[in-house]
Structures are given as structure tokens and as C-alpha cells.
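# Geometric and topological summary
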Amino acid sequence: MRLDKLLSSLGEGTRSEVRALIRAGRVRVREETARDAGMQVDAERDSVTLDGRELGYKSVRHVMLNKPGGVLTAARDARQRTVMDLLPPLYAAMGAMPAGRLDKDTEGLLVITSDGQLAHRIISPRHDVGKEYFARVDGPLGEADVRAFEEGLHISDADGEFDARSAVLTILRASQTESEARVRVTEGKYHQVKRMFAARGVRVTYLKRLSIGALRLDPALAPGQWREMTQEEAALLEQDAPPEEDEQEDKHA
Ligand code: URA
């Protein structure tokens, strides 16, 4: 692949922006400063760095996306825009997938990773990875709601029935017509948060995921923006959702 194409497909800028980076001597390929935007590079094998940051070969990539409303959380869809359409095609080509699902109208932190096992562990109820949301609802919230969330709500609605695990509700602002709260849950049933509030008689009008375990959404990312996660951020996910024993054995084999 051409060097300028690789850099722009990794999200480093438009073709003309990345050519300017190359002209400025900021890009190195195979340990040497690159001068030719059209040089051929092997994205899977060559070391490519920008300002010393390794961009080229990486067997695993983790992305943090601030999911905007109006986009489906799915690997692909015949008709509707998906979160994968917000990323350069390199990620889909590597088999990256969203770790969990946010509703079409929900915004906020979504991890997209090429490590399928990690994606699975983040969403598995076995690991109890807490997810925190900011919610705006169309009615009052009070201490009775905090207690009901803590005790574990019984959900029974058109989508089915289940006993929700204990959740932490923190009220930020409350009035008869509109309230705002943070809620921390450790499971991810279909429309979980919306159904929990509905069970208390209010409707969610805006929902945004703030964190997954210890990983927080970077406040510098506007809705629709993304970046690769740092090693420290990836380590937070690994800590919160460590490999099962048999997976660890596989890794060491
Ligand atoms: N709970 C919901 O109801 N919707 C989401 O998108 C995430 C959690």
C-alpha cells in the first residue's frame, strides 16, 4: 500500500495532510525517514512511525469511540450506517468489532477491538465489568429510586422479564419534569438502563455511556470522534476483564 494511503487510512489526516507530515520528515519507515509519499509499505510487516509513535504493524488494535446518536452498533448493516463506518477500513479488515452494544440513539464510550476474546470478556456478565451512564429522564427522581436501583429492580415489560442486578443511581439534578443522574450497572441486557428507569415510571430522553470498568471516555472526543487506545487504557480493560484460566493457558502454549 502507498505510504500516504496507509497514514490516512489510520486516521492520521487527509492525503494532503499526511503528505505534509512526510515532507516535514516526521514519518519513518523501516527505521529511515520517509521522503516519498508514494513509497510502498507493507502495513502488516513494516515499522512505520509518526513522531516516534509506532503506526505500522500491530497485530491487535483497540479503538475508543465516542459513539454519536443515529448510528448502529454492529459490524455491518445493509441499509444503516454502523459504528464501523466511522473508522478507516483497516479496522474492519482486521476483524475489529464493537465490544458490546449501545442503542442507536445512545452516545458515548464504545470500545472497538480486533481482540475478539477481550471483546467477549468485556460484555460477559461473569466479569462484572461496571458500566456507568449519564441519563436524562422525563420526570422526577428521588431517594426511593436510589434504593430501588440498589435493591435490584424487577423488570417486566414488552421485551420480557428479568431481575436486574443491584445498580448505583446518583441523582445529579431532579425536578417534576426532568431529572439527570449517573447510573452504574454490571450487566448489559437489551435496553437495560432505559428499562430500569421505565420500571420507576420515567422515560430516558438522553443516554450516554461514560465508562467501562476503570476506562473512561476521553472528554476531548466529540461525538463521532475516535482514537486508538493507549497501552495504559488497554491495560485497564485487561485488568477489569482478565483472561479465563484456560485462555491464559492458550496464550502461554
Ligand atoms: N442501556 C440502554 O438502555 N441502552 C443502551 O444503549 C445502553 C444501556
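Check the entry above for the structure.
Residues numbered from 1 in each chain as written. Predicted model: local features only at pLDDT ≥ 70, side-chain atom pairs only at ≥ 80, totals over all residues. Heavy atoms only, no water.

## Description of the site of the ligand
As a matter of local geometry, the ligand sits amid L102, D103, T106, Y133, H191, Q192, V193, K194 and L207. Separating an oxygen atom of the ligand from a backbone N or O atom of H191 is a distance of 3.2 Å. A distance of 3.0 Å separates an oxygen atom of the ligand from a polar atom in the backbone of K194. Here the ligand, which alone exposes 240 Å², has 96% of that area covered by the protein. For the shell around the ligand, the element with the most residues is helix α6 (residues 192-199), which contributes three residues. The class makeup of the residues in the shell around the ligand is four nonpolar, three polar and two charged. (Near = heavy atom within 4 Å. Polar contact = N/O pair within 3.5 Å; in protein donor to acceptor, adjacent residues only side chain to side chain. Areas by Shrake-Rupley, 256 points an atom, 1.4 Å probe, with all protein chains shown as cover. Helix = DSSP H or I, 4+ residues; strand = E, 2+ residues; numbered from the N terminus. Nonpolar A, V, L, I, M, F, W, Y, C, P; charged D, E, K, R; others polar.)

## Brief notes about the sheet that holds strand β1 (residues 27-29)
Strand order across the open sheet formed by four strands is β2-β1-β3-β4, with antiparallel pairing between neighbours. A single partner strand is all that each edge strand has here, and the edge strands are β2 (32-33) and β4 (53-54). With two bridges joining them, β1 and β2 adopt antiparallel strand pairing. Across the sheet, V29 pairs through a bridge with E32, a residue of β2. (Pairing = 2+ DSSP bridges.)

## Considering the nonpolar core
Counting 51 residues, the largest nonpolar core has L3, V27, I112, V183 and F197 as its most contacted members. The residues contacting I112, other than those within four sequence positions of it, are R61, H62, V63, L65, V83, M84, L87, A96, M97 and P98. By size, the runner-up hydrophobic cluster in this structure holds 16 residues, among which are A99, L118, V129 and A234. (Core = buried A, V, L, I, M, F, W, Y, C linked by side-chain atoms within 4.5 Å. Buried < 20%, exposed > 50% of the residue type's maximum accessible area, 1.4 Å probe, protein only. Contact = heavy atoms within 4.5 Å.)

## What about the side chain of K131?
Along the chain, K131 falls in strand β8 (residues 131-137). Of the side chains with opposite charge, D128 lies nearest to the buried K131, which makes no salt bridge, at 8.7 Å. Of note is the side chain of K131, whose polar atom sits 3.0 Å from the backbone oxygen of I122. (Lys, Arg positive; Asp, Glu negative; His and termini not counted. Salt bridge = Lys/Arg side-chain N within 4 Å of Asp/Glu carboxyl O.)

## Looking at the pattern of salt bridges
Applying the stated rule across the entire model yields 23 salt bridges. R165 is the partner of D128 in a salt bridge, and the nearest nitrogen-oxygen pair spans 2.5 Å. One end of the pair, D128, is in the loop between α4 (116-123) and β8; the other, R165, is in the loop between β10 (160-163) and β11 (168-173), and 37 residues separate them in sequence. Its relative accessible area of 43% is what places D128 among the partly exposed residues.

## Concerning the pairing of strand β7 (residues 107-113)
Within β7, seven of the seven residues are buried, leaving the element largely enclosed by the surrounding structure. In the sheet, strand β5 (residues 62-67) pairs with β7 via six bridges, with the strands oriented antiparallel. If you follow K67 over to β7, its bridge partner there is G108. Sheet analysis places strand β6 (residues 97-98) next to β7, joined by two bridges and oriented antiparallel. Within the sheet, the bridge partner assigned to M97 lies in β7 and is T113. The pairing of β7 with strand β13 (residues 204-212) spans two bridges and is parallel. Of the residues in β13, the one forming a bridge with G108 is R209.

## Structural notes on the environment of L110
The topology assignment puts L110 in strand β7. By relative accessible area, L110 is classed as buried at 0%. Through-space distance from the C-alpha of L110 to that of L65 is 5.2 Å; in sequence the pair is 45 residues apart. In contact with L110, not counting residues within four places along its chain, are V63, M64, L65, K67, T73, V83, P98, A99, G100, L102 and R209.

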